[in-house]
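If you want the building blocks of each chain, they are given just below.
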Amino acid sequence: MGAPSVTRTHLAAFLALACVGLYGTSFGPAASTLAADFDVSLDRAGLLVTLLFAGSISASGAIALRTTFRDTRAMTAAGLVLATAGLLLLGLAGAWWMALAAAVLIGAGDGLIVAGTHLSVAMSARDVAGAINRLNLWFTFGAVAGPAWTGIALDAGAGRGVVYGVLAAAIVPVVALTLVSPRVAPRPRSEHHRPAPMSPVAWGMAAVLFLYVGGEFGLGLWVASYATDVAGASIAGGALLTSGYWGALAAGRFMSGRLLEAGRDPGLVLVAVITGAGVASVVLALADGSIAIATVAAVATGFCFGPVWPSGMAVASRESPEGAPAALVTVGNAGGLAFPWIQGRLLVSAGPGTGVAMTAVLCAGMLALALPSVRRSRR
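Everything numeric here is computed off the predicted structure, so don't read it as measured data.

A. Structural view of the packing of aromatic side chains. Under the defined criterion, the tally for this structure stands at 11 aromatic pairs. With 5.6 Å between their ring centres and 15 degrees between their planes, F14 and W138 make a pair best called stacked. With F14 in helix α1 (residues 3-24) and W138 in helix α7 (residues 128-155), this residue pair connects regions lying 124 residues apart in the sequence. Judged by its relative accessible area of 11%, F14 falls in the buried class. Ring geometry for Y212 and F305: centres 5.4 Å apart, planes at 85 degrees, overall edge-to-face. Remark: F305 occurs in helix α12 (residues 291-305) and Y212 occurs in helix α9 (residues 200-231); sequence separation between them is 93 residues. Here Y212 matches F305 in class, with each residue buried. Just above the ring of F254 sits the side chain of R258; from NZ or CZ to the centre is 4.6 Å.

Below is the structure:
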């Protein structure tokens, strides 16, 4: 396959995953609006994210079981269409059950997009690890734009239909680009090939990423509400803080790519950034009404969160190079099923500081799981 074909294929994959970041992070700034529109509590509105993750895991899991299905172009395009339909339904929904159905639809599209883009890159790139790191960097680009658009539009008086209609419209050209991109052919494999089993280190990293995804998306979902409740920020202000959090996460992910390319030990990088995220999240929980402190702490947490995913993947892949990535994606995304909703429940019932403190607790759990796995990996 020539270089131009690979370039167009990767561009389509990068933009598709950027769409996931665009709509996936819009729920945080819109949480209070969604709760008011459907007359539900703030934490109950967080169930939309839980169902999104449930739909995503179900779709990606079904694809993982069908190992002979390798049309990544069709897979990604189908996911983009499902996500578009779900966003339109969420914008027009007149009842809570319709919003829940929309979240499942968006999640199913999400799972197909994530599976399709990762498979496309893995089957066509020469440097698979570097290409996957760049792919996930594009997610954060969308994650910066999504909250900013949502918060500014809602603050200006735009309705839910306008917010999610524009997000759906942004996906349409990416569907077209995906459909015209070259189809990726699977790499030849031996008839007797069997995937290598997951090592204990890889399972340890899967547990770390399970907590990480819960903490990453939980804070991304609720930091806008935290800023509004504790520091009196406007909807737009809370949304911009959310964008700053995801932008810092992008910077951290970019930094991790440079560190790994320079030969730094991914295990040491992982332990260092989890420790930094834990300290920053404690400061965020103790911000006590100061928007300046909350902003710095949220941005610092995001920056330290950025390298966790690629570093954990790198540690796991050293010993289980074939079986690790798919299993880690599935187990890691499962963390988004419960933790964001639990964090929202704590934020409503016990106060914003207690809700945000859950991020620090998850960081402590990640560190406790990472240390023995990293030591075992280095030995």
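B. Inspection of the nonpolar core at higher detail. The biggest cluster of nonpolar side chains holds 98 residues, and the ones touching the most others in it are F27, Y164, Y212 and F305. For this core, the leading source of residues is α9, giving 16 residues. Not counting residues within four places of it along the chain, the set of residues in contact with Y164 comprises S26, F27, A30, L34, L87, L90 and G91. A59, I63, M75 and L112 belong to the second-largest nonpolar core, a separate cluster that totals 5 residues.

C. How the structure looks around the pattern of salt bridges. Enumeration according to the criterion identifies 3 salt bridges in this entry. A salt bridge links D37 to R160, with the nearest nitrogen and oxygen atoms 2.9 Å apart. You can see D37 sitting in helix α2 (residues 27-37) and its partner R160 sitting in helix α8 (residues 160-180), a full 123 residues away along the chain. One salt bridge connects R253 with E216, and the closest N-O pair in it is separated by 3.8 Å. Of this pair, R253 sits in helix α10 (residues 235-261) while E216 sits in helix α9, and the two are 37 residues apart along the sequence. Classification of E216 by relative accessible area gives buried; the value is 5%.

D. A look at unusual backbone geometry. Here the phi dihedral of D39 falls at roughly 55 degrees; this positive angle occurs in a residue that is not glycine. As for its placement among the helices and strands, D39 is situated in the loop between α2 and α3 (42-45).

E. Here's a closer look at the side chain of S373. By the element assignment, S373 lies in helix α16 (residues 352-378). Among the polar contacts listed, one links the side chain of S373 to the backbone oxygen of L369, at a separation of 3.3 Å. Beyond its immediate chain neighbours, meaning those up to four positions away, S373 contacts V201, G204 and M205.

F. Region of interest: the packing of helix α5 (residues 72-92) against helix α6 (residues 96-124). Two numbers describe how α5 lies on α6: the axes approach to 7 Å, and their chain directions differ by 155 degrees. Taken together, the axis directions place α5 and α6 in an arrangement best described as roughly antiparallel. For the pair α5 and α6, the sense of crossing is left-handed. Counted by class, the contact of α5 with α6 contains 21 nonpolar, 8 polar and no charged residues.

G. Molecular detail of the environment of S60. Here S60 shows up in helix α4 (residues 47-65). Distance from S60 to G111, taken between C-alpha atoms, is 4.7 Å for residues 51 residues apart in sequence. Those residues in contact with S60, other than ones at most four positions away along the chain, are G111 and A115.

Procedures and definitions
Residues numbered from 1 in each chain as written. Predicted model: local features only at pLDDT ≥ 70, side-chain atom pairs only at ≥ 80, totals over all residues. Heavy atoms only, no water. Phe/Tyr/Trp six-rings, centres within 6.5 Å; stacked < 30°, edge-to-face > 60°. Helix = DSSP H or I, 4+ residues; strand = E, 2+ residues; numbered from the N terminus. Buried < 20%, exposed > 50% of the residue type's maximum accessible area, 1.4 Å probe, protein only. Lys NZ or Arg CZ within 6 Å of the ring centre and 35° of its normal. Core = buried A, V, L, I, M, F, W, Y, C linked by side-chain atoms within 4.5 Å. Contact = heavy atoms within 4.5 Å. Salt bridge = Lys/Arg side-chain N within 4 Å of Asp/Glu carboxyl O. Polar contact = N/O pair within 3.5 Å; in protein donor to acceptor, adjacent residues only side chain to side chain. Axes fitted to C-alpha atoms, helices over the stretch in contact; angles between N-to-C directions. Parallel < 35°, antiparallel > 145°, perpendicular 65-115°, else oblique. Left-handed = near helix turned anticlockwise from the far one by under 90°. Nonpolar A, V, L, I, M, F, W, Y, C, P; charged D, E, K, R; others polar.

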